[in-house]
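Each chain, letter by letter, is given below.
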Amino acid sequence: MDTLERIRHLMKERNCSAYRLAIDSGLPQSTISNLFNRNNVPTIQTLEAICGGLGITMGQFFADNELVELTDEQKEFFNDWATLSAEDKLLVKQIVQKLKSAK
């Protein structure tokens, strides 16, 4: 299944319109429309936002039929993550790695 097919499939599962996905992902509706109308492959940042709007992680997006429901806390984290700049995401990643190595 290609990326756009996967997005369509997840939207259908969730009864989610392109308009709703745009709102939930924080992306302009034109970005969502252009993906489908022009058959464009989304950038990583756009796909991260879409996954956040769908309430899933990137890992879940690429997993075949192994979706795990996120807790409200996890959804909040990923929604916040989607709004960070690339620089801030790198900082968060470094903090998490530091915390993991401190155990």
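Criteria and thresholds
Residues numbered from 1 in each chain as written. Predicted model: local features only at pLDDT ≥ 70, side-chain atom pairs only at ≥ 80, totals over all residues. Heavy atoms only, no water. Salt bridge = Lys/Arg side-chain N within 4 Å of Asp/Glu carboxyl O. Buried < 20%, exposed > 50% of the residue type's maximum accessible area, 1.4 Å probe, protein only. Helix = DSSP H or I, 4+ residues; strand = E, 2+ residues; numbered from the N terminus. Core = buried A, V, L, I, M, F, W, Y, C linked by side-chain atoms within 4.5 Å. Contact = heavy atoms within 4.5 Å. Disulfide = S-S within 2.5 Å. Phe/Tyr/Trp six-rings, centres within 6.5 Å; stacked < 30°, edge-to-face > 60°. Lys NZ or Arg CZ within 6 Å of the ring centre and 35° of its normal.

Q: I would appreciate a short explanation of the pattern of salt bridges in the present structure.
A: Pairing between side chains becomes possible if they bear opposite charge and their charged atoms approach one another. With the rule as written, the count across this model stands at three salt bridges. Its salt-bridge partner being Arg14, residue Glu13 comes within 3.4 Å of it at the nearest N-O pair. Look at Arg14 and you get partly exposed, because its relative accessible area is 28%. We note a salt bridge from Asp24 to Arg20, for which the minimum N-O separation is 2.9 Å. Of this pair, Asp24 and Arg20 both sit in helix H2 (residues 18-25), four residues apart, which is roughly one turn of the helix.

Q: What should I look at first to understand the nonpolar core in this one?
A: Note on soluble globular proteins: their nonpolar side chains tend to be buried together. Membership of the largest hydrophobic core comes to 18 residues, with the highest contact counts inside it found for Ile7, Met11, Leu21, Ile32, Ile50, Leu54 and Phe61. Only helix H1 (3-13), H2, helix H3 (29-37) and helix H4 (44-54) provide two or more residues apiece to this core. Ranked by residue count, the leading element in this core is H4, at five residues. Each residue touching Ile7, except ones within four places of it in the same chain, is listed here: Leu21, Phe36, Pro42, Leu47, Ile50 and Phe61.

Q: Just to check I follow, could you spell out the state of the cysteines for this structure?
A: Simply put, the disulfide is a covalent bond whose two ends are the sulfur atoms of two cysteines. Applying the stated rule across the entire model yields zero disulfides. Among the cysteines around Cys16, which has no disulfide bond, Cys51 carries the closest sulfur, lying 12 Å off. Under the relative-accessibility criterion, Cys16 is labelled buried at 13%. With a relative accessible area of 1%, Cys51 lands in the buried category.

Q: Sorry, what's going on with the packing of aromatic side chains here?
A: Each aromatic ring pair is characterised by the separation of its centres together with the angle its planes make. Evaluated as defined, the whole model comprises three aromatic pairs. Centroid distance Phe61 to Phe62: 4.9 Å. Interplanar angle 85 degrees. Geometry classified as edge-to-face. Considering the side-chain rings of Phe77 and Trp81, the 6.3 Å spacing of their centres and the 25 degrees angle between planes classify their relative orientation as stacked. Here Phe77 pairs with Trp81, and both are found in helix H6 (residues 72-82), just four residues apart, close to one helical turn. Residue Phe77 is classed as partly exposed on the basis of its relative accessible area, which comes to 42%. Aromatic rings pair up to connect Phe77, Phe78 and Trp81 into one cluster. If you follow Arg6 out to its NZ or CZ, it ends over the ring of Phe61, 5.8 Å from the centre.

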